[in-house]
Amino acid sequence: MTALSLHSVRSGYGDEPVVHGVSAEVPTGGWLAIVGPNGAGKSTVLKTVAGLLRAQGEVRIDGRARLSRKDLSRIVGYAPQDPELPAGLTVTDYVLLGRTPHLGLLARESRHDLSIVDEVLERLDLSALAGRRMDMLSGGERQRAVLARVLAQRASLLLLDEPTTGLDLGHAQALLELIDRLRHEDGITVVSTLHDLTFAAQYADQVLLLDGGRAVAAGTPAEVLTAEALAAHYGATAEVSTTGRGELAVLPTRPDGPEGVSRRTGPSSAVPEN
Amino acid sequence: MPDTRTRLRAPVLLIGLLVLVAVLVSAVLAGASDLGWQRVLAEMWAQVTGGQSPLSAREAAIVWQLRVPRVLLAAIVGAALAVSGATFQGVFRNPLADPYLLGAAAGAGMAATLVVVLAPAVTGWMVGPLPLAAFAGAIGGVGLSWLVGRSAGSGTNTLLLAGVAVASFLTAIQTFAQQLNTQTIRQVYTWMLGGLNVSGWREVALAVPYVSVAAVVLCLSARLLDVLTLGDAEAASLGLRPGRIRLVVLAAASLATAAAVSVSGLIGFVGIVVPHVVRMLAGASYRVVIPLSLVGGAAFLVLADQLARTIMPGELPLGVVTAFTGAPFFAWILRSSRRRVS
C-alpha cells in the first residue's frame, strides 16, 4: 500500500515556482527523509502535501487525489518547522486543538476527544506537564507537545518539518526514537525534512535529495548519501562511513585537511606584525 | 486525572455575573441628583413587587428614564468594546490590537465630523444623525481596510497595514474638514472623547441588537479563535479556512464596535485592558477570554461611567476616566502577574 505518491509535482509561492517536478513514493509505515541544501524546496514539498500550496502534477494520499481540506486534515498531520506556540494555553489546550478536524465547525470536544488527548500525553510522557503553559516549556518539551498535537489528530501520515530544530543531540535523538517507535506501533507513515544527514541516514528508510527544487537522487540512505552527492549538491566535503554497529554516519571534514588549521589560524599569522 | 484544560468554570462565571449585577445596581442607586439610595432601592423593589414607591413621579423618571438606560448603555458599550478587543487581539495575534485598529474609529470620527460640519441643524429624526453617521463610518472604515488588504494579498499583516493606511487617510479628511470649520472643533472633540451623557432607551435599543448578535457569534467562535492562534498554515492543516473565519469574527467584532461608537463616541482603553486582565486572571483560551471580556467590559465601563458622572460637579469625558483608572490598574496586574511567573 502506498501512503503517499508524488508525480511531477510543481509548486511554489504566488507565481514563483520553487519545486520543479518532484516524484516520490512512500509505502505505508515508511519514513521518507527529504534532505538537501538550504532553499532546495524541502519545506515547500511538505507544505504541498499538506495541501497548503497550490500544486501542479499529482499528489495522491492513500491512493486518493484531490482530497477536500477536511478529509486531508483527518489523514495528514503537519508540524511546521517553526510552529506558533500560543502563549498562555496549557499543553492540554494545545494538544486538544489537534482534534479540530474531527469536530463540527462550532462543536465542542467530547469526552472521547479528551480521552484521546490524555492517552497521547501519556504516551509522549507529557502527563506531568499537561497543565503547564506552552510558553514555559523547554525546547525538547515543546517539540514533544507539537508532536502530541499532530498525534491527537489521529493522522496516518505525519509531515514533520525539521522536528529536531533547536534540540541538543540527546533531545533530538530521543524525539526521533519516539517518532520511530510510534511509526512501528501504529503503522503510521512519516515524511520529514532533516538537516542532520546522519539522523536522516539512521532513521529514514528512504531519502529524497533535493537541489534547486528538483529531485536529484532518491533511494535508500546508502544509495543517496554519498560523498560525491554531498560535494555536488551541498558543496561540502564529508566522509560517509559506517559505524561499528553498521550504521551510516556523515562526517564533515575540513576542505584543506586537518593541517590547514595551523596554517591559517596559527599564532604567527593571526597577529600581523609590522 | 486533574482537569488541565483552560475552561470557563461555573464559579468563575457566577462570580463575574454577581459582580456585574452589583455594579449595575449600585450605579443606578447613585447619581448626580441625590435621591437617597435607600429610596431608589425601595422604588426598584416597588416596581418588582407592585408596591408603593417613595419617589415622586419626577424622581422616578430620573431613575427609569435617565439612570437605568445610561447604566445599561455603559454595560453594553463596555461589553462590546472588550469583546471586540479580545477578538482583534486573537485574529491579529497581537496583544496591542484594539477594536479601532481597522479604521472603525477613524471612519466614525470622519463621518461624525462631516455631519457636524455639513448638517449641523438636522434634528427630529428618530435617531440623531450623529450616531447613524458614526455607525456607517465605522463599518465603512473597516470595510475599506478589508478591501484594500484583500487586494494586496492574504494574511493578517497585510490587513493590519491596510487598516493603518485607511485610518490615516480618513483621519486626514476629518482634520481637513475640521480645519475649514474651526467653530465645530469643540463639538467634534467632545464626541471623540466619548461619553454617555445623551443616552436614553433609544440608544439602548439601537445598540442592543448588533452587540447581542456579535456576542453570540464570538462566543460560538471562541474555539476557532484558539485554532487561529496557531497561524494560518496550521489552522489550514487542521481543516479550517482561516480567511473565512477571520472575515466572520472581524465582521461581528466590527459590528459591535460600530454600535458602541455610534452611541458613545470613542472610548479608549477598554478594548485593550479588559481582555488582558481576563487573560492574566483566568487563562488565555478564547473560551474564557470571550465570555469573561463581555462581563468584565460591562462592569468596568459602568464603574468608569459612575466615576465620570459623580466625581466632579460637571461630567468628565468617559474616555479620560477609563484611561485614568484603567492604566494604573493594568500596570498593577502586569506587575503582579510577572512576579507570579518568575
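Just so we're clear, the structure is a prediction, and the values are computed from it rather than from any experiment. (Residues numbered from 1 in each chain as written. Chains lettered and ligands numbered in written order. Predicted model: local features only at pLDDT ≥ 70, side-chain atom pairs only at ≥ 80, totals over all residues.)

**With respect to the overall build of chain B**
Then step 1. Across its full length, chain B carries 14 helices and 0 strands.
Then step 2. In sequence order, the secondary structure elements of chain B are arranged as α-α-α-α-α-α-α-α-α-α-α-α-α-α.
Then step 3. Summarising its shape, the C-alpha atoms of chain B cover approximately 65 × 65 × 35 Å along the three principal directions.
Then step 4. By residue count, 49% of the 342 residues in chain B fall in the buried class.
Then step 5. Counted over contacts in chain B with a minimum sequence separation of 6, partners at least 24 positions apart contribute 77%. (Helix = DSSP H or I, 4+ residues; strand = E, 2+ residues; numbered from the N terminus. Buried ≥ 20, exposed ≤ 12 C-beta atoms within 10 Å, placed from the backbone. Contact = placed C-beta atoms within 7 Å.)

**Here's the deal with the interface of chain A and chain B**
Then step 1. Taken together, the contact between chain A and chain B spans 24 residues of the former and 22 residues of the latter.
Then step 2. Within the residue set of the side of chain A that touches chain B, elements represented by two or more residues are helix H2 (69–75) and helix H3 (91–96) of chain A.
Then step 3. When the residues that make up the side of chain A that touches chain B are grouped by side-chain class, the tally is 13 nonpolar, 6 polar and 5 charged. (Nonpolar A, V, L, I, M, F, W, Y, C, P; charged D, E, K, R; others polar.)

**Quick notes on the sheet that holds strand S5 (residues 64–65) of chain A**
Whenever strands of a sheet pair, they do so through backbone hydrogen bonds, lying parallel or antiparallel.
Residues and elements named next belong to chain A.
Then step 1. The antiparallel open sheet is built from 4 strands, whose spatial order is S2-S1-S4-S5. Bordering the open sheet on either side are strand S2 (16–27) and S5, each of which pairs with just one other strand.
Then step 2. With 6 bridges connecting them, strand S1 (residues 2–13) and strand S4 (residues 55–61) associate as antiparallel partners. When the sheet's bridge partners are listed, Leu6 is paired in S4 with Val59. (Pairing = 2+ DSSP bridges.)

**So, the packing of helix H4 (residues 104–118) of chain B against helix H7 (residues 185–193) of chain B**
Residue and element names in this part refer to chain B.
Then step 1. It is the contact of H4 with H7, at a shortest axis distance of 10 Å, that shows an interaxial angle of 150°. By the angle class used here, H4 and H7 are roughly antiparallel. Note on packing geometry: the crossing formed by H4 with H7 is right-handed. Each of Gly109, Ala112, Thr113 and Val116 in H4 lies in contact with H7, whose residues at this interface are Gln187, Val188, Trp191 and Met192.
Then step 2. For the contact of H4 with H7, the class distribution of residues is 5 nonpolar, 3 polar and no charged. (Axes fitted to C-alpha atoms, helices over the stretch in contact; angles between N-to-C directions. Parallel < 35°, antiparallel > 145°, perpendicular 65-115°, else oblique. Left-handed = near helix turned anticlockwise from the far one by under 90°.)

**A word on helix H8 (residues 201–220) of chain B**
Residues and elements named next belong to chain B.
Then step 1. Between the first and last C-alpha of H8 there are 28 Å, a value that for 20 residues agrees with the 28 Å anticipated at 1.5 Å per step.
Then step 2. The largest bend in H8 comes to about 30°, at Val208, with the proline Pro209 one to four residues further on.
Then step 3. Buried residues belonging to H8 abut helix H3 (57–92), helix H5 (129–152), helix H11 (242–264) and helix H13 (286–310). (Expected span 1.5 Å × (residues − 1). Bend = angle between axes of the 7 residues up to and from the residue.)

**Some details on the pairing of strand S9 (residues 206–211) of chain A**
Residue and element names in this part refer to chain A.
Then step 1. With respect to burial, S9 is a largely interior element, 5 of its 6 residues being buried.
Then step 2. The pairing of strand S3 (residues 31–35) with S9 spans 4 bridges and is parallel. From the neighbouring strand, Ile34 faces S9, where its bridge partner is Leu208.
Then step 3. Pairing geometry for S9 and strand S10 (residues 214–219), over 5 bridges, is antiparallel. If you follow Leu210 over to S10, its bridge partner there is Ala215.

Any functional reading would require information beyond the geometric quantities listed.
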